[in-house]
Amino acid sequence: MKIGIVGAGNIGSALTRLFRTAGHEVTIANSRGPESLAELSAETGARPASIEDAVHGQEVVVVAVPANRIPTLPRELFASTPADVVVIDTTNYYPRQRDGRLEGIEDGRPESEWVERRLGRAVIKAFNTIEATHLQPGARPAGAADRIALAVAGDDTRAKSKAMALIDGIGFDAVDAGAIAESWRQQPGSPGYLKDFDVEGVRRALAEANPERQPEWRATPNSPGTYESPA
Ligand SMILES: NC(=O)c1ccc[n+]([C@@H]2O[C@H](COP(=O)([O-])OP(=O)(O)OC[C@H]3O[C@@H](n4cnc5c(N)ncnc54)[C@H](OP(=O)(O)O)[C@@H]3O)[C@@H](O)[C@H]2O)c1
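What counts, and where the lines are drawn
Within any chain, residue numbers begin from 1 and follow the written order of that chain's sequence. Note on the predicted model: pLDDT of at least 70 is required for a residue's local features to be given, and 80 or more for side-chain atom pairs to be given and counted; whole-chain, interface and lining totals, by contrast, use all residues. Whether two strands pair comes down to DSSP finding at least two bridges between them. Helix and strand assignments come from DSSP, with helices taken as H or I runs of at least 4 residues and strands as E runs of at least 2, each series counted from the N terminus. Each residue receives a C-beta atom placed from its backbone. It is near a molecule or strand if this atom lies within 6 Å of it. Charged residues are taken to be Asp, Glu, Lys and Arg, nonpolar residues to be Ala, Val, Leu, Ile, Met, Phe, Trp, Tyr, Cys and Pro, and polar residues to be all remaining types, Gly included. Backbone-placed C-beta atoms define the burial measure: a residue is buried with 20 or more other C-beta atoms within 10 Å of its own, exposed with 12 or fewer, and partly exposed in between.

### As for the pairing of strand 8 (residues 173-176)
Successive side chains on a regular strand alternate, one facing one side of the sheet and the next facing the other. As defined by bridge partners, strand 7 (residues 149-152) adjoins strand 8 across four bridges and the pair is classed as parallel. Considered in strand 8, the bridge of V152 is made with D176.

Below is the structure:
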């Protein structure tokens, strides 16, 4: 499959490696430009490109930038993206550690609903629930007893099925977590977040989730601090 990845940091580079291992054609972009991606490209065979090239002509586009960088993406980035292209959002909102206050999320919207509004495009929410460093070592063949499951939310059932098949193909079970309006069930602070549960564990965690944003996942007047010293 032709996959574009916007953001080649922790999560974007881990996904680049897994997608390439599974034989996909991968185009990668970041904010500093293709030259800065030479090393990852040499290692994986992914093609470094502009942000626009990582989106245009792809079958799947993964957005892997920090939440507070979503508004810095080009305004019309997805304006001509065909409806059948699957756009996957990996974003998590870390107000105290990194992102600062994002009003559209603080007012109660699920994080990926805010992303959809900013991008002007429906997304599938996936890969947000696992540590980037667990992706490569955690990949297992289908049927393995210790296979990790990932929650996948989205409104378009066809796009969601495609994302779930992609996830299965790189070594993880995929669990349908419902619509984007319910994707608070897999956000930071939810019972399954960063837990590496199996299918049953993810289903249970999604069912037990609470829609109320907990204080530690809300901004304060001093936000953002740092990961070492959240504020
Ligand atoms: N880290 C994890 O374990 C993990 C796991 C699941 C989900 N997530 C979520 O995934 C997202 C990315 O996290 P991360 O840890 O991978 O972040 P990261 O390591 O800081 O990498 C961010 C990437 O986004 C790029 N970027 C920033 N602004 C951009 C722009 N305007 N256009 C194009 N590229 C841009 C950066 O490019 P430059 O370096 O060139 O600026 C960098 O390649 C976050 O929302 C995070 O919460 C992270």
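### Regarding the site of the ligand
Of all residues adjacent to the ligand, which total 28 residues, the nearest are G7, G9, N30, N92 and A132. If one sorts the elements of the shell around the ligand by residue count, helix 1 (residues 10-21) sits on top with three residues. Partitioned by chemical class, the residues of the shell around the ligand number 13 nonpolar, 12 polar and three charged.

### Details of the pairing of strand 4 (residues 60-63)
Here strand 4 shows a buried face lined by V60 and V62 and a second buried face lined by V61 and V63. Two elements, strand 1 (residues 2-6) and strand 4, share four bridges in a ladder whose sense is parallel. Bridge pairing in strand 4 places I3 opposite V60. Bridging between strand 4 and strand 5 (residues 86-89) involves four bridges; their strand directions are parallel. Opposite V62, over in strand 5, you have I88 as the bridge partner.

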